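Summary of the model geometry
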Amino acid sequence: MTDAEKRALRDAFGQFATGVTIATTRGRDGAPRGFTANSFTSVSLDPPLLLVCIAKSASSCDAFCEAEHFAVNVLSEEQKQVSGLFASRSDDKFAQADWTVGAHDLPLIPGSIATFVCARQEVIDAGDHVVLMGLVEAAQTHDAPPLGYHKGSYFSIGLEDRLVDAAARSGTARIGAIMERDGALLLRHHPGGAVSIPFAPENECSLSGLTRKIATLGLTATLDHLYAVYEEAGSHVIVYHGTASGPVPEGLVPTPLSAIPLEAVQSKAQRSMLARYREEYQHGQFGIYQGPKDGGETGLIHQVTGRAIVKS
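Our subject in this report is the structure included herewith. Per chain, the residues get numbers from 1 upward, laid out in the order the sequence is written. Local features in this predicted model are restricted to residues whose pLDDT is 70 or higher, and side-chain atom pairs enter the listing and the counts only when it is 80 or higher, whereas totals over whole chains, interfaces and linings include all residues. Heavy atoms from the whole structure form the basis of all side-chain values; hydrogens and water molecules are not counted.

**Some thoughts on the pattern of salt bridges**
Put simply, the test is: Should a side-chain nitrogen of Lys or Arg be within 4 Å of a carboxyl oxygen of Asp or Glu, the pair is scored as a salt bridge. Elements are defined by DSSP. Helices are runs of H or I of four residues or more, strands are runs of E of two residues or more, and each kind is numbered from the N terminus.
In total, this model carries four salt bridges according to the counting rule given. Linking Asp125 and Lys56 is a salt bridge whose minimum nitrogen-to-oxygen distance equals 2.7 Å. Of the two residues, Asp125 is situated in strand β9 (residues 114-126) and Lys56 in the loop between β5 (48-55) and α2 (61-66); the sequence distance between them amounts to 69 residues.

Listed below in structure tokens is the structure:
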């Protein structure tokens, strides 16, 4: 296959939304080993079998193929960070992660919505991967929203719908967007010098209204996840994150993150949100703020972004 054919096939496989798991075991030296996988599935109830795939290029592949036991941890929406950690090639994953010891001395990830301790049943060669078939010896569950994965991005199942529906029921909602274009944010500059993020028209205050407004400006935009939901001046404010391309329309100014004029942002909520965005962008980890307009301690930063793919 050519590189282009491989990318096309990867995109096609990525259309299937999955849960996210971390598989763990011990190496010959007793050191804990683990990796993030979204290719986990149940196989049989009698006998109780499951499978998980691991790339042959993974540094822990040999350890898993040789180990007599391994565990599978199904992640919750609050575990995006640990998923990213175990998807990396970091040599000190377990030094950075919170973990406990389970049956057969296997490392387990607390907070997972399900854990399975398995005896290695079979190792199946599968091209550039191997398939680990496990016989389930023990299983535990924990009630929490699951972490999902689709087309290369995490999403939280149902979180976005709950937040947006609650705002819509109030009858007073404003829909806005933090949009990136070529590494800069598109901010609206108002007469008098005030700065804000762009919002949908007041007479069409909806996500579709926002995307139509973006399209009329001549931009091609993708709103890829929910970024903040809060109350301000008696209204629910819903803000999406997105990327945009095309000519910069009048009234919007591309602003580098390092040059955001926070002092000109009159809304305290937007000022706090833009400051948070600048910090999160530097670390490559984004969350959803839900709570009061001031972003204070009574609010909540959800660690997983809800997806709402909308293209104008």
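Back to the write-up after that little detour.
**Concerning the environment of Thr25**
Stated formally: For the purposes of these results, a polar contact is taken to be a pair of N or O atoms within 3.5 Å, where, inside protein, one atom must be able to donate a hydrogen and its partner to accept one; residues adjacent in sequence count only when each atom of the pair is a side-chain atom.
Inspection of the secondary structure assignment puts Thr25 in strand β2 (residues 21-26). Among the polar contacts made by the side chain of Thr25, one reaches the main-chain carbonyl oxygen of His69 at a distance of 2.7 Å.

**Re a nonpolar patch on the surface**
The condition is simple: In this scheme, patches are assembled from residues that exceed 30% relative accessible area and form no salt bridge. Like charges are connected within 9 Å, while nonpolar side chains (Val, Leu, Ile, Met, Phe, Trp, Tyr) are connected within 5 Å. Computed with the Shrake-Rupley method and a 1.4 Å probe, the accessible areas treat only the protein chains shown as cover for residues. Only protein chains enter the accessibility calculation, which uses a 1.4 Å probe; a residue whose area is less than 20% of its type maximum is buried, one above 50% is exposed, and one in between is partly exposed.
On the surface, a cluster of nonpolar side chains totalling about 360 Å² of accessible area is made up of Met1, Leu9 and Phe13. The topology assignment puts Met1 in the segment before α1 (3-13). Looking at Met1, the relative accessible area reads 64%, which means it is exposed.

**So, the packing of aromatic side chains**
By convention here, two paired aromatic rings are described through the distance between centres and the angle between planes. So the rule is basically this: Aromatic pairing here means that ring centres of Phe, Tyr or Trp (its six-membered ring) are within 6.5 Å. Orientation follows from the plane angle: under 30 degrees is stacked, over 60 is edge-to-face, and everything else is tilted. Should the NZ of a Lys or the CZ of an Arg lie within 6 Å of a ring centre and within 35 degrees of the ring normal, that charge is described as sitting over the ring.
Summed over the entire model, instances satisfying the criterion amount to five aromatic pairs. Seen from their ring centres, Phe35 and Phe64 are 5.0 Å apart, and the 85° between their planes marks the pair as edge-to-face. Of this pair, Phe35 sits in strand β3 (residues 32-37) while Phe64 sits in helix α2, and the two are 29 residues apart along the sequence. The pair formed by Phe35 and Phe64 is uniform in burial state, with each residue classed as buried. Measuring from ring centre to ring centre gives 5.0 Å for Phe86 and Phe94, while their planes differ by 85°; the resulting arrangement is edge-to-face. As far as burial versus exposure is concerned, Phe86 and Phe94 are alike and both buried. Here the aromatic residues Phe86, Phe94 and Trp99 are joined through ring pairs into a cluster of three or more. Over the face of the ring belonging to Phe199 we find Arg174, whose NZ or CZ atom lies 4.0 Å from the ring centre. Over the ring of Tyr227 we find Arg276; its NZ or CZ atom is 4.1 Å from the centre of that ring.

**Here's the deal with helix α6 (residues 207-216)**
It helps to recall that an α-helix has 3.6 residues per turn; residues three or four apart then point in one direction. Among all positions of α6, only Gly209, Leu210, Thr211 and Ile214 are buried. At the exit of α6 stands Gly218, carrying a positive phi of roughly 90°.

**Some remarks on the nonpolar core**
Across soluble globular proteins, nonpolar side chains show a tendency to be buried alongside one another. To keep it simple, the criterion reads: Each nonpolar core is a collection of buried residues, namely Ala, Val, Leu, Ile, Met, Phe, Trp, Tyr and Cys, held together in the definition by side-chain atoms within 4.5 Å. Whether two residues touch is decided by their heavy atoms; if any such pair falls within 4.5 Å, the residues are in contact.
In this structure, Ile178, Leu185, Ile197, Val239, Met273 and Leu274 are the most contacted members of the largest nonpolar core, which totals 20 residues. When residues in this core are grouped by element, the largest group, four residues, is from helix α7 (residues 268-283). Ignoring sequence-local partners within four residues, the contact set of Leu274 consists of Ile178, Leu185, Leu187, Ile197, Ile260, Leu262 and Val265. One finds Ile54, Val130, Leu132 and Val136 within the second-largest nonpolar core, a separate group that totals 18 residues.

**So, the side chain of Thr18**
Counting through the fold element by element, Thr18 comes out in strand β1 (residues 18-19). In terms of polar contacts, Thr18 uses its side chain to reach the side chain of Asn38, at 3.4 Å. Residues contacting Thr18, with those up to four places away along its chain left out, are Asn38, Leu147, Gly148 and Tyr149.

**So, the pairing of strand β16 (residues 220-232)**
Two faces, one strand: in a regular strand the side chains alternate between the faces of the sheet. Stated formally: Should DSSP find at least two bridges between two strands, the strands are regarded as paired.
Most of β16 sits inside the fold, with 10 of its 13 residues counted as buried. Across 11 bridges, β16 lies against strand β17 (residues 235-245) in antiparallel orientation. Within β17, the residue paired with Leu226 across the bridge is Tyr240. In this antiparallel pair of consecutive strands, β16 and β17, the connection spans two residues, and Ala233 shows a positive phi of 55°.

By themselves, these observations are geometric and do not establish any function.
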